[in-house]
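Spelled out from the first residue to the last, the chains are:
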Amino acid sequence: MEKKLERLKRSIWIFHLNTGSCNACDIEILDALTPFHDAERFGVKLVASPRHADAILLTGPITLESLPKVINAIEAAPRPRILIALGSCACGGGIWHDTYSTVGGVNSLLKILKERGIEVDAVYCVPGCPIRPEALLYAIALIKGLVQKKVKPEVATAE
Amino acid sequence: MKRVFKPVELIVIAGKTGRVTIKYPFEGPLISQEFRGLIVISPEKCIGCGACVNACPPNALEMLESPDKKILRYYIGRCIFCWRCIDVCPVGAIKGTTEFELATNDFLDLYTYITHSRAHCTCGTGGEPVRMRRYVIEKAPIVENYASKCPDCRKKSLINAVSLRKVGFVGEEARTS
């Protein structure tokens, strides 16, 4: 599978999947594709169908209404498939993490996908509310191995 | 004829404008100093009072409790970078940065833990963190007498004091009579 992910480092075609977000992250995705930031430098192309996509950009906390459609779209993407969770909502649920009508972030979605036997090869998480277009470019550069990741877990003891 | 020269005009305009695309991952991002990015909690200053936990809208800052420890957990994946925790922190332990390059492929990278040990009451139950007790005593010297007691013991001592004044004796006898 590592070899298959290596193949994805050429150019990543992305499918944009809005799962109940407030449209701020979606506008930032469009901003990243404009000539000013120009994500197409890295071979990124927005495609209309998940069947053509290498990576799925997931924005928003996955609402219960959108959950079946999200599962269908992820299932339709060919292997190896990457899931990129954009924004606080998709990463950990954001301010909707404990509401009744959302699944609460990509972690819960992965559990549901595992139950149904749908495999996702890599999950990338881009926190931000909303994300900056540069943060999306950074995530793409991280997938392609151009930059090193900066965040690391910290455990500190105060006495 | 005009149509033929259209591409040439466009080349002239493009030449005047120049390159607009930024070379982002290979050069610095376009952020101002006012940009609200990642918060950094200093374990040296934090007293574990939980003011940030109350203020946090998406519960990105959470207090995990056990009898011996209080653990402040910061999950970056849920943080909306509103910086309200910075406003409410009484000791200024939380600092804001302009860091936004937080993409990762492992969810465990997004957690920060700060462990506080609890100060124990004389009856054995765990109370507030040691540092918070020290902070409260520094702020208000009179509380030294009862700051080391848990809420139950404090209530009991108050009832005893009242009963001593009203009835004349303390302890179980006061409650039964």
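Calculation rules
- The residue numbering used here restarts from 1 in each chain and proceeds along that chain's sequence as written.
- Ligands are numbered from 1 and chains lettered from A, in the order in which they are written.
- Totals for whole chains, interfaces and linings use every residue, but because this is a predicted model, local features are given only for residues with pLDDT of at least 70 and side-chain atom pairs only at 80 or more, for both listing and counting.
- A helix here means a DSSP run of H or I that spans at least four residues, while a strand means a run of E at least two residues long, and both kinds are numbered starting from the N terminus.
- For the radius of gyration, the atoms used are the C-alpha atoms, and the globule rule reads 2.2 Å times the number of residues raised to 0.38.
- The predictor attaches a confidence to each residue, and that confidence, scored 0 to 100, is pLDDT.
- We call two residues in contact whenever the C-beta atoms placed from their backbones are within 7 Å.
- For this classification, the nonpolar set comprises Ala, Val, Leu, Ile, Met, Phe, Trp, Tyr, Cys and Pro, the charged set comprises Asp, Glu, Lys and Arg, and every other residue, Gly included, is treated as polar.
- Pairing between strands requires that DSSP locate at least two bridges from one strand to the other.
- Structural elements are reduced to axes, namely lines fitted to C-alpha atoms, with helices fitted over the stretch in contact, and the angle between N-to-C directions of any two is expressed from 0 to 180 degrees.
- Put simply, angles under 35 degrees are roughly parallel, angles over 145 are roughly antiparallel, angles from 65 to 115 are roughly perpendicular, and the rest are oblique.
- When the near helix sits turned anticlockwise from the far one by under a right angle, the crossing is termed left-handed; a clockwise turn instead gives a right-handed crossing.
- A helix is expected to reach a length of 1.5 Å times the quantity of its residues less one.
- Buried, partly exposed and exposed are defined by the number of other C-beta atoms within 10 Å of a residue's own C-beta, namely 20 or more, between the two limits, and 12 or fewer respectively, with C-beta atoms placed from the backbone.
- The nonpolar core is taken to be a set of buried Ala, Val, Leu, Ile, Met, Phe, Trp, Tyr and Cys residues joined by way of C-beta atoms within 7 Å.
- Seen with the strands pointing away from the viewer, any crossover whose path from the first strand over the helix to the second strand runs clockwise is right-handed.

For chain B, the helix and strand inventory stands at six helices and six strands. The order of helices and strands in chain B, counted from the N terminus, is α-β-α-β-β-α-β-β-β-α-α-α. Scaling as 2.2 N^0.38, a compact globule of 177 residues should have a C-alpha radius of gyration of about 16 Å, whereas chain B reaches 29 Å, well beyond that. Summarising its shape, the C-alpha atoms of chain B cover approximately 115 × 30 × 30 Å along the three principal directions.

Glancing now at the confidence of the model for chain A. Taken over all residues, the pLDDT of chain A has a mean of 88, while the share at 70 or more is 97%. Helix α1 (residues 2–7) of chain A is the least confidently modelled element of chain A, averaging 70 in pLDDT, while helix α3 (residues 67–76) of chain A averages 92, the highest of any element.

This part takes up the interface of chain A and chain B. Across the boundary between the two partners, chain A contributes 41 residues, which contact 38 residues of chain B. Secondary structure elements with two or more residues in the side of chain A that touches chain B: α4 (87–92), β5 (122–126), α6 (133–143) and β6 (154–158) of chain A. A per-element tally of the side of chain A that touches chain B places α6 of chain A first, with seven residues. Split into classes, the residues belonging to the side of chain A that touches chain B amount to 24 nonpolar, nine polar and eight charged. In terms of strand pairing, β6 of chain A meets strand β5 (residues 111–120) of chain B through five bridges, oriented parallel. Within β5 of chain B, the residue paired with Glu 154 of chain A across the bridge is Thr 112 of chain B.

All names here are of chain A. Running from N to C, helix α2 (residues 24–33) and α6 point in directions that differ by 70°, and their axes come no closer than 8 Å. Comparing the axis directions of α2 and α6 gives the class roughly perpendicular. Here α2 and α6 pass one another in a crossing that is right-handed. Of α6, the residues touching α2 (which contributes Glu 28, Ile 29, Asp 31 and Ala 32) are Pro 133, Leu 136 and Leu 137. Its residues placed into classes, the contact of α2 with α6 shows five nonpolar, no polar and two charged.

The side chains of a regular strand alternate between the sheet's two faces. All names here are of chain B. Two strands pair when backbone bridges link them, and strand β2 (residues 61–65) and strand β3 (residues 69–75) are joined in this way by five bridges, in the antiparallel orientation. What sits directly across from Leu 61, in β3, is Tyr 74. Between the end of β2 and the start of β3, which pair antiparallel, lie three residues. Relative to β5, β3 runs antiparallel, the two being bridged by seven bridges. Paired with Tyr 74 across the strands is Thr 112, a residue of β5.

Right, let's talk about helix α1 (residues 2–17) of chain B for a bit. With 16 residues, α1 of chain B extends 22 Å between its outermost C-alpha atoms, agreeing within 8% with the 22 Å of an ideal straight helix rising 1.5 Å per residue. By the criterion of burial, α1 of chain B is predominantly exposed, with just zero of the 16 residues buried.

Time to look at the sheet that holds β5 of chain A. Ordered in space as β2-β1-β3-β4-β5 (chain A), the five strands form an open sheet in which the pairing is parallel. Each end of this open sheet is capped by a strand with a single partner; those strands are β2 (45–46) and β5 of chain A.

Quick look at the confidence of the model for chain B now. Residues and elements named next belong to chain B. Here chain B averages 85 in pLDDT, while 95% of its residues score no lower than 70. Averaged pLDDT values over the elements of chain B bottom out at 55 in helix α6 (residues 172–176) and peak at 93 in helix α3 (residues 84–88). Model confidence for the complex: the whole-complex pTM is 0.84, and ipTM, which rates the interface, is 0.87.

Moving on, we come to the environment of Lys 166 of chain B. Of note, Lys 166 of chain B is situated in helix α5 (residues 151–166). Sequence spacing of Lys 166 of chain B and Glu 9 of chain B is 157 residues, and the spatial spacing of their C-alpha atoms is 100 Å.

Nonpolar side chains in soluble globular proteins tend to be buried together. Of all hydrophobic cores here, the largest spans 74 residues; its most connected members are Ile 56, Ile 84, Val 126 and Ala 139 of chain A. Per element, the largest residue contribution to this core is nine residues, and it comes from α6 of chain A. Sequence-distant contacts of Val 126 of chain A, that is, excluding residues within four places in its chain, are made with Ile 84, Ala 85, Leu 86, Ile 131, Ala 135, Leu 136 and Ala 139 of chain A together with Leu 102 and Ala 103 of chain B.

Here the focus is the pairing of strand β3 (residues 55–59) of chain A. All names here are of chain A. Where burial is concerned, most of β3 is hidden: five out of the five residues are buried. Alternating residues of β3 divide into Ala 55, Leu 57 and Thr 59 and Ile 56 and Leu 58, and every residue in both groups is buried. Alignment of strand β1 (residues 13–18) against β3, held across five bridges, turns out to be parallel. Paired with His 16 across the strands is Leu 57, a residue of β3. Strand direction decides the pairing type here: β3 and strand β4 (residues 82–86), joined by five bridges, are parallel. In the strand pairing of β4, Leu 58 is matched with Ala 85. Considered for its hand, the β-α-β crossover made up of β3, α3 and β4 is right-handed.

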